[in-house]
Each structure stands twice: as C-alpha cells, then as structure tokens.
Amino acid sequence: MLQIRYVVVLLIMPFMVKAQSTAVTLSGQITEPDTKTGVPFVSIVLKTDKDSTFKTGTVSNDEGRFTMADVTPGKYILVISSMGYQTKTKQVLMGNLSPFLDLGAIAFQPDTRQLKEVQITAQQAEGLHSKMDKKTYSVADNVSQIGGSVLQAMKNLPGVTTTQDGKIELRGSDKVAVLVDGKQTALTGFGNQTGLDNIPASAVERIEIINNPSAKFDSNGNAGIINIIYKKNKQQGFNGKVGFTGGLGALWEKQANLPGIRPQYKRTPKFNPSVSLNYRKNKVNIFFQGDWLYTETLNRNEFGERIYDSGDIVRQQIKRNRNTSYATVKTGVDWNMNDQNTLTVSGLFNREKIIDRGDIPYFNADLSERRRLWQFLEDEVKYTATATASYQHKFTQPGHVLNAGFNYTFHREDEKYFFTNIMPDYTGEDSFKLLSDEQVFDLTLDYIRPLKYGRIEGGIKLRKRNIPANMQFFPGLNSPIDIDAGGWAEYKETIPAVYGNYVFESEKLELEAGLRVEYVKVDYEVNPGHNTYKSDGYSYTQPFPSFRLAYKFNSDNKLSIFYNRRVDRPNEVDIRIFPKYDEPEVLKVGNPALRPQFTSSFELGYKTQWGKGYFYSAAYHRIADATITRIATQVPGELIIYNIFQNAGRSYNTGTELIFQQQLAPWFTFNTNVNIYRNTINAFTVENKYPVPTTFTSALQRLTSGNVKFNGMLKFAQKLEAQLTAMYLAPDIIPQGKIGSRFSLDFGLKKQIQKGRGEVFLNATDLLNTLNIKREVNGNGFRLITNDYYETQVFRLGYSYKF
C-alpha cells in the first residue's frame, strides 16, 4: 500500500525540469596512405543514416584537418570526396558521452574506400544529463527563489533538501562537496559545507548536481557534488546586468517568547543590489561581478525541554536575532593568446559581517522559576580572498587539451563573543575571542585526449592547507567557562592525488571507468596546556574508483549502473578543541581523534523520454564506515550536555529517486520529484573525552523517510511567468534520535519588460509559514526535545536590467 501511495503521488504531483538538448563537434584528419601527410581541400559531408538528408559539411584545411560543430547525436553517414580520390562512405555514431571523439587519421587513397569515425563535443542545456550522473539548473528559471540566497535557490531542486543550520542534503545525507566554478573554496568549505545561506543567488548563473562524480573530481563528499557556476558573459563589446531586490521576513510570529527576554525579530528587511559587467574585444574578455546582501533574520527560535532520568526537567528557549552583511567582488580577464592557448586570471574578495544577539532562558518544568538567563552578543567578521590562474593549451586535434591551474585561498575568521550570565544571586560577564587564518594552495594539471570511440583523461593535484587558530577566554564572576580548554591549535593538511579516466561509447554501450589515488597527511597540533586533548593526526593512501556502464535500448531508453568510493575527511572545525558557549548548557566541542568516513555507493538508473517529457528512476545504496556525527552525552552529576563529533561505526542509506516531467501545453509544464530512502545506523559505542571520559552506547536504528517536491511553471501572455513549488519531508532518524516532518509552499511571479531587457519579480518563500524543525535526542540519562520556529517566510520584490 505504501508503494501504491507513492506512485499515486508521483502521478498527480509532477515537478518541472527542462529537457536537455545536446550538440556535438566532429573532427578528424584526411591523410595520404603512404606519406601520412594531410590532404587539403577535401570535401567532407555528414548525412543522416535514415534518409541521407544533408546535415552539415566542411572542407579540410592545409593540414587535412576538419571540424564539424553543433551536430545532434545520432546515426550518420560520413561522405569524403575529392578530385582524384575514391569517394568514401561509412556509418558514424554520434554519442552523448564525450565532448570530443577523435576520428584520427583517415587514409584517403585513390580507388580505395575507407572511412574512419568522428569526434564529438557536447554542450549541456538545463535538465538531466544524458549520462544520468548530474542535473543542471538555471537560477534565473527558479522564479520562486529569485533574490534569495544560493541555499534557498537549491532547496527546490530535485533530490536536494536543506537544513536549519545552512547545509544541503542529497538523498538524506549532508556529506556534500560544494564547488564554486569547479573548485573548492573557503566560501563554501574545503571539507564540510558552509556559508551557502549568505551567497546571493543573483551572482550565480546555474547549479550542477552531481550524484555520481567521476575520478577527476576530488574524492570527498559521499552524497555527491554541488557545483555553483558564477555569472560570466562573453558577448562582444561592453555589456552587463544590474539588479536590486528588497524583501521582508518574519511578518507573523510563529511562537511567542518565554517570559523575561528581549523581543524576537519581526518584519526583518532584506536588501540585495548586484551588478555584472563584461567587456570583450578581440582576444581579451574582462568580467566583473559585485553583490552586497544585507539581511536581518530570526536565525534561531528553538523551544526545548530536557528531561533527565533523575527527574529534573529544564525548559528553555534559544532565540537568536541575526544581522548579516555580505559583500562579494569577483573580477578577472580571459586572454586568448592564439587559437591554441588561453590564460584566465581571476580574483575574488568577500567580507561577511555577522552580529548575533541571543537570549537563552532556562526554567523549571512549569515556568514558575527562571534558573538562568544567558544573553550573548556575537561579533564575527570573515574575510575570504582567492586568486586563480588557469591555462589551457589546445592541440591541433579538437578536444585534445592540456589544462593547468593554480588556486590560492586566504580565509580569516575573527570571532568575538560577549556573555551576560544572569543567575538568581548574581550576574557575571564573560567573553572570548577566536582568530583563525586559513591558507590553501592548490595546483592542478589535467590532460584530455579524444579517441575514436571515446576519450582518456588524466591529471594530478597537490594541496597544502594550513589553519592556525587561537582561542582566548576572559572569565567573569563565577564564570562557567573552562579557561584551560583555550589556547592555540594548528591544522596542517597535505594531499597529493593522481587520477585516470577512460570513456568508451558504441551504438549500444557506454562505459566510463576511472581511478583516483590520494595520499593524505593531517597533523593537528594542540597547545600542551590543554586540559583534555593532545596533538593528533592521521595519514592514508587510498584508491577511489568510479565506474559507469550503460545500455542504450534505443535513443529514448537507457539503463545505467554506477559505482564509486568516496571519503569525508573531518574538517578543522570538527576537530577544533575549544568549547563553544553560545549555548552554555548544551556545549559543542571538536574531537582531534576524529577519523575519515569512507563510503561505497551503488546505483542503478533508468531513463525514458518522449517528445515533451521524460521519466527517470534510480535505486541507490550507500555503505559508510566510521560514520561522522555529533554525539551528546551528560557528565554524571551535571545537567550540562556535551555535543562532540565521533565516528559512530557503519551506517547505510538505501533508496529510490523518481523524476517525472511533462509539458501539457505551451503555457504549462510540471514535474515531480520523489525520493524515498531508508537510513540504518548500526549499534555503536563511543567515548566522549571532554570534559571527562563518558561512554555512550546506541542500539541499531532504522527508519524509512523521504521527500516529495512539486514544481509547476505557467507562462501567460505579455511575457508573464509563474512558479509554484511544494515540498514535503518525511520524519527521519539522526544518530541519537529523530527529526520530524516538514512542509513548505513557495510561489513566484516574473515579467519581462522594456523589450526584454528589464525584468521584475515577486515571490514568497514558505508562503503558509508552516516550516519548522522538531528534533528528539536520547542520551545517557537524558532526553532532549526541541522545536525550532526560526524565520522561513520571506516576501521579495526585485528588478533587473540587461544592457
């Protein structure tokens, strides 16, 4: 019955994803059979295999080389002819896998009929990739989320969910690697993802979701990769786009405060001016992207109850009013030195300023007695600067390229906290300051060579990463702060890697097989005076294979099998030794003994398409060893809970994803995405060492969960578009408990004006104000139940103009 219900939901709630078109480039070289020299001015014609209709044609150059661009995949006849030579014909298959498939040298001898094959280049449009390994979406088409952050823009995409703490989940896992223009940066995190709720969507052109990355990608991120592509125009002359978005959030109060604290934010303003400029002339292209995002947000409004086995009950509220100012400038230049060599140099600077004002009252069970009021002011500034140089050499053969790149990132985290600890008998004032400077050097070299039926890829990468951090505590009267847990620590990471990838395609089969080998050495040095933790680290050399095999029944039906092995290394903040006191009775602390999580993923995918729609289904299974998660424990005799990262043993994620798209009419397209999965966490025992060794044991946990998304696009007269998005997330398990169900509805309108140069939009996120997060955590001697009524409803109005 459960399966029948999901099928019914699938049929009545389709969700919009645009179909994908593919273009192809063909190349080869006509040569003399004896001398191997090129034959110039040879006529090369491509005709359809079905009815010999002319498709395209060209003439070989002085070296006998030829190129045919923008060819649609399919079966063709290649015809080669010239005065004094025998005309050649042969069937040619244009596949979807490789951007370039090389014919190699085609011997063209008198009175001899011989034909080689062709080389293909694919360009991706929006929707599901023909390989079924990734999906690509335009941010501008996500009408209900225009003007918001990248995190908000992604929450409506198939297979993607978001968490309250600003992370993306793919198929129920937050172990996602987030790239910017194909590279890891401090903006989005080198390990764990971060900062996505502050990156303006106005700066982004499109978003790629890669569930099954090949070996050429870094091995971290077991759930997959999100690639954020920034805007960059390459039109001739001077052109650009300017825009402004304003909005209001928290128009209505979801849940009133507990007694005696400062008001929660209401009617919170949002502002986002943006500008994108581009100048291209001859061999030089200069680009600039600037954004400023200012928001006031009720970032957290969590009501909780801690129930202890001893009979104690603590009721609490965590209210955090946040002001964020986020400014980003990205600029660079592309220099096409000649037809074979291109150099791109770019830089990015970002400043993020966060001011948090928080109130955390602690009461007894019936709210008749306030035991403590903890107030805090967080003043945090983050600076990020990146410098990138990319060089590409194109060999004579189209698609035969060598890419070299260097990327440097500097990221400073300057964080100050000021606390007021209001107790029944006294008031204390405490503070701390954290300063962390991260530097990352990445050097890459990638080589691609087309083959007759595919291509080979190979490359190397070297990363050096260093993060010194210093925490200083300033205790006040009767301070609860553990001053002996401060001091300095330094994270050092070295990762050399090498990879190879082979792609083959025939009329019925597609094969992509690769291997990445990484050596990782991590050292975490801790000041000798720390009261709990000592210096630690790890190293390993591991293979990370990837494999995809597909069978094409015909041009509209394909079955694919995927396998890959990936790793999630602990990030520096996961092992950071300093306790965090923004919540004084539920402390978060890192763990230097944390080790990497290794995951093997298996997937079976099937896609069938028709004229105005398609259906895609995938069954997947992931096995994770040394699962990384936070474990909450209570020290005997205390009411304080310590949340510490641990390796919780083996876990499993098994599920199915379904996408169904259909255009019913020129004015209405809809699509649905259903993701059903079962999470299993084996029984495990761990020991939290801070502040004293405490053991926690968990029995096996298992729960079936999932989500359903509906997205409909309507196009009206006068270039008016509308979008409606509905999302339901079922209850799910976390290592010590579960998280409740969630539902939201988004709506947006967009209209083109000023002869298509201007655009206005109006949208609403969480229109019905129904999205809140309920959690239950069970620890050793306590149970914690929380419900977070944080700000989710936002109305936005915006305008943009292209010139």
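The numbering scheme is per chain: residues are counted from 1 as the chain's sequence reads. Selection of residues for local features in this predicted model requires a pLDDT of at least 70, selection of side-chain atom pairs for listing and counting requires 80 or more, and totals for whole chains, interfaces and linings are taken over all residues. Just so you know, side-chain values use all the structure's heavy atoms and leave hydrogens and water out.

Novice: How do you make sense of the overall build of the chain when you look at a structure like this?
Specialist: Strands here are runs of E lasting at least two residues and helices are runs of H or I lasting at least four, both read from the DSSP assignment and numbered beginning at the N terminus. Scanning the chain from terminus to terminus reveals 3 helices and 46 strands. For the chain, the spread of C-alpha atoms along the three principal axes comes to 105 × 60 × 55 Å. Each residue is assigned to one of three classes by its accessible area relative to the maximum for its type, calculated with a 1.4 Å probe on protein chains only: buried under 20%, partly exposed between the two thresholds, exposed over 50%. Of all 803 residues assigned to the chain, the portion counted as buried reaches 56%. The criterion used for residue contact is that any of the two residues' heavy atoms lie within 4.5 Å. Put simply, of all contacts in the chain between residues at least 6 apart along the chain, 68% involve residues at least 24 apart. Residue exposure ignores everything except the shown protein chains as possible cover, and the areas themselves are Shrake-Rupley values with a 1.4 Å probe. Accessible surface, the chain as shown: approximately 32200 Å² in total, 57% of it carbon and sulfur.

Novice: Sorry if this is basic, but what is going on with a nonpolar patch on the surface here?
Specialist: Each patch is assembled from residues with relative accessible area greater than 30% and no salt bridge, linking like charges that lie within 9 Å and nonpolar side chains (Val, Leu, Ile, Met, Phe, Trp, Tyr) that lie within 5 Å. Each reported salt bridge corresponds to a side-chain nitrogen of Lys or Arg within 4 Å of a carboxyl oxygen of Asp or Glu. Taken together, the side chains of F238, V242, Y279, V284, I286, W335 and F803 define a hydrophobic patch exposed on the protein surface, amounting to about 610 Å² of accessible area. At the level of elements, β16 (237-249) and β18 (284-308) are the ones that each hand at least two residues to the nonpolar patch. Locating F238 in the fold gives a position in strand β16. Exposure remark for F238: the relative accessible area of 53% places this residue in the exposed category.

Novice: Would you explain the nonpolar core in this entry?
Specialist: Nonpolar side chains tend toward joint burial in soluble globular proteins. What we call a nonpolar core is a set of buried Ala, Val, Leu, Ile, Met, Phe, Trp, Tyr and Cys residues that are connected through their side-chain atoms within 4.5 Å. With 49 residues, the main nonpolar core has F419, Y581 and Y690 as its most contacted residues. Excluding anything up to four places from it in sequence, F419 contacts W374, Q375, F376, G428, E429, D430, S431, F432, I481, Y581 and D582. Among the nonpolar cores identified, the runner-up in size contains 28 residues, and I168, L170, I199 and A201 belong to it.

Novice: For this particular structure, what's the right way to read the sheet that holds strand β32 (residues 628-634)?
Specialist: The pairing of strands in a sheet happens through backbone hydrogen bonds and is either parallel or antiparallel. Pairing between two strands is assigned when DSSP locates at least 2 bridges connecting them. Ordered in space as β29-β33-β32, the 3 strands form an open sheet in which the pairing is mixed. Of all the strands in the sheet, just β29 (586-589) and β32 have a single pairing partner and so form its edges. When strand polarity is set aside, the average angle formed by the axes of neighbouring strands in this sheet is 30°. Pairing of β29 with strand β33 (residues 641-647), which is carried by 4 bridges, proceeds in the parallel orientation. Paired with L587 across the strands is Y642, a residue of β33. Angles run from 0 to 180 degrees between N-to-C directions of axes, and those axes are lines fitted to C-alpha atoms, restricted for helices to the stretch in contact.

Novice: I'm lost on the pairing of strand β42 (residues 742-753) in this one. Help?
Specialist: Across 10 bridges, the pairing between strand β39 (residues 720-729) and β42 is antiparallel. Paired with L724 across the two strands is F747, which belongs to β42. Two strands pair when backbone bridges link them, and β42 and strand β43 (residues 758-765) are joined in this way by 7 bridges, in the antiparallel orientation. Bridging across to β43, K750 finds its partner in F761. Where β42 folds back onto β43 in an antiparallel hairpin, the turn is made up of 4 residues, including Q754, whose phi is positive at roughly 55°.

Novice: Can you walk me through the environment of I307 in this structure?
Specialist: Along the chain, I307 turns up in strand β18. The spacing of I307 and L639 is 332 residues in sequence and 9.9 Å in space, taken between C-alpha atoms. I307 has contacts with D312, I313, G781, F782, R783 and I785, leaving out every residue within four places of it along the chain.

Novice: So what exactly am I meant to see when it comes to the packing of aromatic side chains here?
Specialist: Working definition: an aromatic ring pair is given by the centre-to-centre distance plus the angle between the planes. We call Phe, Tyr and Trp rings a pair once their centres come within 6.5 Å, taking the six-membered ring for Trp, and we label the pair stacked below 30 degrees between planes, edge-to-face above 60, and tilted otherwise. Applying the stated criterion to the full structure yields 26 aromatic pairs. Taking 5.8 Å as the distance between ring centres and 40° as the angle between the ring planes, the aromatic pair formed by F238 and F803 counts as tilted. On the criterion of sequence distance, the pair formed by F238 in strand β16 and F803 in the segment after β46 (794-802) is long-range, its members being 565 residues apart. Residue classification places F803 among the partly exposed positions, given a relative accessible area of 32%. Each ring, one from Y551 and one from F553, has its centre 5.0 Å from the other, and the planes form 85°; the classification is edge-to-face. By relative accessible area, F553 is classed as partly exposed at 41%. Of the aromatic side chains, those joined through ring pairs into one cluster are W374, F376, Y417, F419, F432, F473 and Y581. In this arrangement the basic side chain of K254 is found over the ring face of Y790, its NZ or CZ atom lying 5.9 Å from the centre. Think of it as a cone above the ring: NZ of Lys or CZ of Arg counts as a charge over the ring if it is within 6 Å of the ring centre and within 35 degrees of the ring normal. Its guanidinium or amino end placed over the ring of Y614, K607 lies 5.0 Å from that ring's centre, counting from NZ or CZ.

Novice: Looking at this structure, how should I read the sheet that holds strand β2 (residues 43-48)?
Specialist: Read across the sheet, 4 strands follow the order β3-β2-β5-β6 without closing on themselves; strand pairing throughout is antiparallel. On the outer flanks of this sheet lie β3 (54-59) and β6 (88-94), each paired with one strand and no other. Strand after strand, the sheet turns through a mean of 25° between neighbouring axes, direction not considered. Across 7 bridges, strand β5 (residues 74-81) lies against β6 in antiparallel orientation. The partner of K75 across the bridge, within β6, is L93.

Novice: Can you walk me through unusual backbone geometry in this structure?
Specialist: In most cases, non-glycine residues show a negative phi, while peptide bonds are predominantly trans. Of note, the bond from Y690 into P691 is cis; its omega dihedral lies within 30 degrees of zero at -5°. Its place among the elements puts P691 in the loop between β36 (684-688) and β37 (694-698). A positive phi angle, near 60°, is found at A626, a position not held by glycine. Looking at the secondary structure, you find A626 in the loop between β31 (613-625) and β32. Residue Q718 is not a glycine yet carries a positive backbone phi of 60°.

Novice: How should the side chain of N679 be read in this particular structure?
Specialist: In this fold, N679 is placed in strand β35 (residues 668-681). What makes N679 buried here is its relative accessible area of 10%. Within the structure, N679 has its side chain in polar contact with the side chain of N653 (distance 2.7 Å). Polar contacts involving the side chain of N679 include one to the side chain of D732, which spans 3.2 Å. Excluding its chain neighbours within four sequence positions, the residues that come into contact with N679 are G172, Y652, N653, Q701, R702, L703, D732 and I733. N or O atoms within 3.5 Å of each other form a polar contact, as long as, within protein, one can give a hydrogen and the other can take it, and as long as residues adjacent in sequence are counted only when both atoms are side-chain atoms.

Novice: Is there a simple way to think about the environment of Q439 in this case?
Specialist: Among the structural elements, Q439 can be located in strand β23 (residues 427-451). A sequence separation of 26 residues divides Q439 from R465, and the C-alpha atoms of the two residues are 5.8 Å apart. Ignoring sequence-local partners within four residues, the contact set of Q439 consists of Y408, T409, F410, K464, R465 and N466. Only 2.7 Å separates the side chain of Q439 from the side chain of Y408, close enough to count as a polar contact.

Novice: Before we go on, may I ask you to explain the confidence of the model for the chain in this structure?
Specialist: Fine structural detail should not be taken from predicted coordinates in areas where pLDDT scores are low. The predictor reports its confidence for every residue as pLDDT, a score running from 0 up to 100. In this model, the chain carries an average pLDDT of 87, and 92% of its residues clear a pLDDT of 70 or more. This stretch, residues 1-21, has a pLDDT under 50; its non-local contacts, to residues over four places away or in other chains, come to 60 contacts. Scored below 50 in pLDDT, residues 112-126 makes 90 contacts in the model with residues more than four places away or belonging to other chains.

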